[in-house]
Amino acid sequence: MTPTHGSILLADDEEKILKRLGRALRDEGHEVVEATTIREAQRHLGERSFDLLVVDNVMPGMTGLELIRELAQTAAAERPQIVMMTAHGSTQLVREAFKLGVEDFLEKPFEVDELLALARRAVKSLRLQTERQYLISERDAEFNYYGIVGRSHAMEEVIQRAELVAQTKSTVLVTGETGTGKEMVARLIHHRSAQRDMPLIKVNCAAIPETLLESELFGHVRGAFTGATMTKRGKFALADGGSIFLDEIGTLTTAIQSKLLRVLQEREFEPLGAERTQRVDVRVIAATNRDLKQMVSDGRFQEDLYYRLNVIPITLPPLRERREDIPVLVDHFVEKHRQRTGKRIDRVDDEAAEALQKYDWPGNVRELENTIERAVVLATGPVLTTASISLLGATSTPAPGLPSMRLHQNLEWVERETIRRAIAQSGGVKKDAAELMGISQRALSYYLAKYRID
Ligand SMILES: Nc1ncnc2c1ncn2[C@@H]1O[C@H](COP(=O)(O)OP(=O)(O)OP(=O)(O)O)[C@@H](O)[C@H]1O
Ligand SMILES: [Mg+2]
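Residues numbered from 1 in each chain as written. Chains lettered and ligands numbered in written order. Predicted model: local features only at pLDDT ≥ 70, side-chain atom pairs only at ≥ 80, totals over all residues.

**Looking at the overall build of the chain**
No. 1: Helix and strand counts for the chain come out as 19 helices and 14 strands.
No. 2: Taken against the 2.2 N^0.38 rule, which gives 22 Å for 454 residues, the C-alpha radius of gyration of the chain at 29 Å runs more than 25% over that of a compact globule.
No. 3: If one aligns the C-alpha atoms of the chain with their principal axes, the spans along those axes are about 90 × 55 × 45 Å.
No. 4: Evaluated residue by residue, the chain yields a buried proportion of 31% over its 454 residues.
No. 5: Sequence-distant contacts, at least 24 apart, represent 69% of the contacts inside the chain between residues at least 6 apart. (Helix = DSSP H or I, 4+ residues; strand = E, 2+ residues; numbered from the N terminus. Rg over C-alpha atoms; globule rule 2.2 N^0.38 Å. Buried ≥ 20, exposed ≤ 12 C-beta atoms within 10 Å, placed from the backbone. Contact = placed C-beta atoms within 7 Å.)

What follows is the structure, given as C-alpha cells:
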C-alpha cells in the first residue's frame with residue numbers, strides 16, 4: 001500500500017481559511033505547516049522538503065505565482081507538488097501556472113473536501129514517483145558497478161578488469177591506499193560472478209586478534225584449545241561455493257600465511273585440532289593498503305603466497321591521481337547525504353568546489369565522503385560554502401591560522417590535527433601512526449575515540 005499521508009505547506013493570508021483548511025488536512029493524517037506570507041513560505045521551503053504546497057495567489061507582498069516561478073528554477077525532483085488557490089484566475093494566469101508545473105487549481109470558494117481529495121491524489125502520485133525512482137536507482141546500482149562512481153580512465157580500467165575477473169574463479173589481489181574503494185571492488189567482483197547467490201564472507205584480518213584469527217578463518221573442533229567448548233565452523237567453510245574477502249591481508253602472521261597458501265594451492269585445510277582435512281571451493285579476494293612486494297623483500301610476507309594471491313592484481317589509484325573524478329564524487333555524496341538528512345542542498349559554491357578539487361585527499365574517497373557528509377549535516381543553508389565544507393581538519397598545506405583565541409580550544413585543535421595527519425601519513429595503520437607521534441597505541445585509541453576519528 002502506498003501511504004497517502006504527506007507533508008503539506010499551506011500558504012494563505014486569511015488566517016480563518018488557513019486554520020480551517022489546516023485542521024481538515026491534519027484530520028486526514030497529513031502533517032501541515034502554515035504560512036501567512038510568501039516570505040514565511042519561502043523560509044519553510046528553504047529549511048525542509050514538502051510533498052505538497054497549497055498556495056493562495058493573491059497575497060500581500062509577493063504573489064503565489066511569483067513563488068511558483070521561483071520554485072520552477074529548482075530541479076523537479078526537489079520541489080513539492082503545487083496546488084494553487086485563486087479567487088478569479090484569468091486564463092493567462094492559469095496557463096502560466098500550468099506551464100510552471102502547477103498540478104491543479106482550486107477556485108475560491110471551494111469545498112474543503114475538494115482540497116482533501118486533491119491532497120490525497122498529489123501525495124499518492126508523488127509517492128509512486130519516488131518508489132519508481134527508487135526502483136530505477138536500485139536497478140542502476142546493479143548495472144552501474146554497485147555504486148562505484150568515477151569514470152576517469154584509471155577507474156574505467158579498474159572496473160573493466162573487475163568485470164572480466166568476475167567471470168572467472170581466479171584469486172584477486174586488490175591494492176590501493178586507504179579509502180580508495182578496495183572493498184567496493186571486491187563486492188562488485190562477487191556480485192557479478194556466477195556465484196553471486198552464494199555467500200560473500202568478509203574477514204578483516206587486522207581487526208581480529210592474532211590468536212583468534214586462525215580459528216576464525218579455518219574453524220576449530222571442541223577442545224582444540226582452552227576455551228574451545230564447541231566445534232566452530234570457520235569463515236572458509238562458511239564461504240564454500242562463494243567468495244571470501246580477506247581484508248588487510250598484509251597483517252597476517254607467518255603461520256597463517258602458510259595455511260592460507262595451502263588453501264590457495266590445494267583448496268584444503270584442517271580446522272584447529274581436527275584430524276580430518278576439509279575441502280572448499282572458494283574464490284579468494286584479498287585486499288591491502290600495504291606494499292606486499294616490499295614486504296616480500298623485507299621478509300615479512302611469503303613470496304609464494306604473494307604470487308598465489310597476485311594472480312590478477314587490481315590497483316586502485318589514489319584520488320589525487322584521478323582528480324577528474326572529484327566533481328562527480330562530490331555530486332554523488334551531496335545527493336546521498338542530502339537524501340539521508342532530508343535537507344535541502346542545492347549546490348556547492350565555486351570557491352568550495354575549487355578547494356575540494358585542489359585538496360590532496362590523503363584519506364581518498366572515504367575522506368571526501370566524510371567531508372561532504374559533515375558539510376551537509378552542518379549546513380545552515382542550501383549552498384555549501386568553503387566555510388561549511390571546512391577542509392580545516394584535513395588540509396595538507398598548513399591550516400590557515402588557529403581556530404580561535406581560546407587556549408584549550410586551540411590545544412585540542414592541534415591534537416586533532418596532528419592525529420589526523422599522522423593517520424593519513426601512515427596510510428591508516430594505527431601502529432605506524434602511534435609510532436610517528438611517539439605515543440602508545442592505547443593512547444592513540446583514546447584520542448581517536450575522543451575526536452571521533454575513524
Ligand atoms: N569510486 C567510489 N564511488 C563511490 N563511493 C566510493 C568510491 N570509492 C570509495 N567509496 C566510498 O568510500 C568509502 C571507502 O571505501 P572502501 O571501504 O571500499 O575503501 P578501502 O579501499 O577498502 O579502504 P581501507 O583500506 O581503509 O579499508 C566507502 O564508504 C565507499 O562507499
Ligand atoms: Mg577496506
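**Comments concerning the nonpolar core**
No. 1: In this structure, V174, V185, I189 and I244 are the most contacted members of the largest nonpolar core, which totals 39 residues.
No. 2: When residues of this core are assigned to their parent elements, the largest contribution, 5 residues, is made by helix α6 (residues 153-166).
No. 3: Those residues in contact with V174, other than ones at most four positions away along the chain, are K182, V185, A186, I285, A287, I314 and L316. (Core = buried A, V, L, I, M, F, W, Y, C linked by C-beta atoms within 7 Å.)

**Here's the deal with the environment of T253**
No. 1: Mapped onto the elements of the fold, T253 is located in the loop between β8 (243-247) and α10 (254-266).
No. 2: When the 13 C-beta atoms within 10 Å are taken as the criterion, T253 is described as partly exposed.

**Observations concerning the domain arrangement of the chain**
No. 1: Looking at the assigned domains, one finds that the chain contains domain 1 (7-140), domain 2 (147-317) and domain 3 (322-450).
No. 2: The C-alpha-based centres of domain 2 and domain 3 are spaced at 31 Å.
No. 3: Contacts between domain 2 and domain 3 engage 12 residues on the former and 13 residues on the latter. (Domains from an automatic or database assignment.)

**Things to note about the site of ligand 1**
No. 1: Inspection of the region around ligand 1 gives 17 residues, with T178, G181, K182, E183 and V365 positioned closest.
No. 2: Elements with a minimum of two residues in the shell around ligand 1: α7 (182-191) and α15 (364-378).
No. 3: Looking at side-chain class alone, the shell around ligand 1 contains 4 nonpolar, 9 polar and 4 charged residues. (Near = placed C-beta within 6 Å. Nonpolar A, V, L, I, M, F, W, Y, C, P; charged D, E, K, R; others polar.)

**Considerations on the sheet that holds strand β5 (residues 104-107)**
The strands that make up a sheet are held in pairs by hydrogen bonds between backbone atoms, and each pair lies either parallel or antiparallel.
No. 1: Strand order in the open sheet made by the 5 strands is β2-β1-β3-β4-β5, with parallel pairing throughout. Unpaired on one side and paired on the other, β2 (31-35) and β5 mark the two borders of the sheet. Going from strand to strand, the sheet's axes swing by 20 degrees on average, the running direction of each strand aside.
No. 2: Where helix α1 (residues 15-27) meets the sheet, its contacts fall on β1 (7-11) and β2, and the angle it forms with β2 comes to roughly 170 degrees.
No. 3: Its contacts with the sheet put helix α2 (residues 38-47) on β1, β2 and β3 (52-56), and the angle it makes with β1 is roughly 160 degrees. (Pairing = 2+ DSSP bridges. Axes fitted to C-alpha atoms, helices over the stretch in contact; angles between N-to-C directions.)

**Quick look at the pairing of strand β4 (residues 81-86)**
No. 1: With respect to burial, β4 is a largely interior element, 5 of its 6 residues being buried.
No. 2: Examined bridge by bridge, β3 and β4 share 5 bridges and lie parallel to one another. Residue pairing across strands places V54 opposite V83, the latter belonging to β4.

**What to know about the confidence of the model for the chain**
No. 1: For the chain, per-residue confidence averages 86 on the pLDDT scale, and residues scoring 70 or more make up 90% of the total.
No. 2: In the predicted structure, residues 392-400 sits below a pLDDT of 50 and forms 11 contacts with residues beyond four places in sequence or in another chain. (pLDDT = per-residue confidence, 0-100.)

**Brief notes about unusual backbone geometry**
No. 1: Note that the residue after K108, namely P109, is joined by a cis bond; omega there is -5 degrees.
No. 2: The topology assignment puts P109 in the loop between β5 and α5 (112-143).
No. 3: The phi dihedral of E248 falls on the positive side, at around 60 degrees, and the residue is not glycine.
No. 4: Structurally, E248 can be placed in the loop between β8 and α10.
No. 5: Looking at E248, the number of C-beta atoms within 10 Å reads 20, which means it is buried.

**Some remarks on the sheet that holds strand β11 (residues 283-288)**
No. 1: The parallel open sheet is built from 5 strands, whose spatial order is β7-β8-β11-β6-β12. The open sheet has two edge strands with one neighbour each: β7 (200-204) and β12 (312-316). If you compare each strand with its neighbour and ignore which way they point, the axes differ by 15 degrees on average.
No. 2: As defined by bridge partners, β7 adjoins β8 across 5 bridges and the pair is classed as parallel. Looking at β8, one finds that L200 is bridged to S243.

**Quick word on the pairing of β3**
No. 1: Most of β3 is tucked away, with 5 of its 5 residues classed as buried.
No. 2: Burial along β3 is two-sided: the residues L52, V54 and D56 and L53 and V55 are all buried.
No. 3: For β1 and β3, the ladder comprises 4 bridges, and the chain directions are parallel. Residue pairing for β3: L10 is matched across the bridge by V54.

**Let's talk about the packing of helix α13 (residues 326-341) against α15**
Each pair of packed helices can be summarised by the angle the axes make with each other and by the distance between the axes.
No. 1: It is at 9 Å that the axes of α13 and α15 come closest, and there the two elements cross at 45 degrees. The angle between α13 and α15 falls in the class oblique. In terms of crossing hand, the pair formed by α13 and α15 is right-handed. Here L329, V330, F333, V334, H337, R338 and T341 of α13 come into contact with α15, specifically with V365, L368, E369, I372, E373, V376 and V377.
No. 2: Tallied by class, residues from the contact of α13 with α15 come to 9 nonpolar, 2 polar and 3 charged. (Parallel < 35°, antiparallel > 145°, perpendicular 65-115°, else oblique. Left-handed = near helix turned anticlockwise from the far one by under 90°.)

**A closer look at the packing of α6 against α7**
No. 1: The interhelical angle for the contact between α6 and α7, taken along N-to-C directions, is 35 degrees, at an axis separation of 8 Å. Crossing geometry of α6 relative to α7 is assigned as right-handed. Here α6 contributes V158, A162, V165 and A166 to the contact with α7, which in turn contributes V185, L188 and I189.
No. 2: Of the residues belonging to the contact of α6 with α7, the class tally is 7 nonpolar, no polar and no charged.

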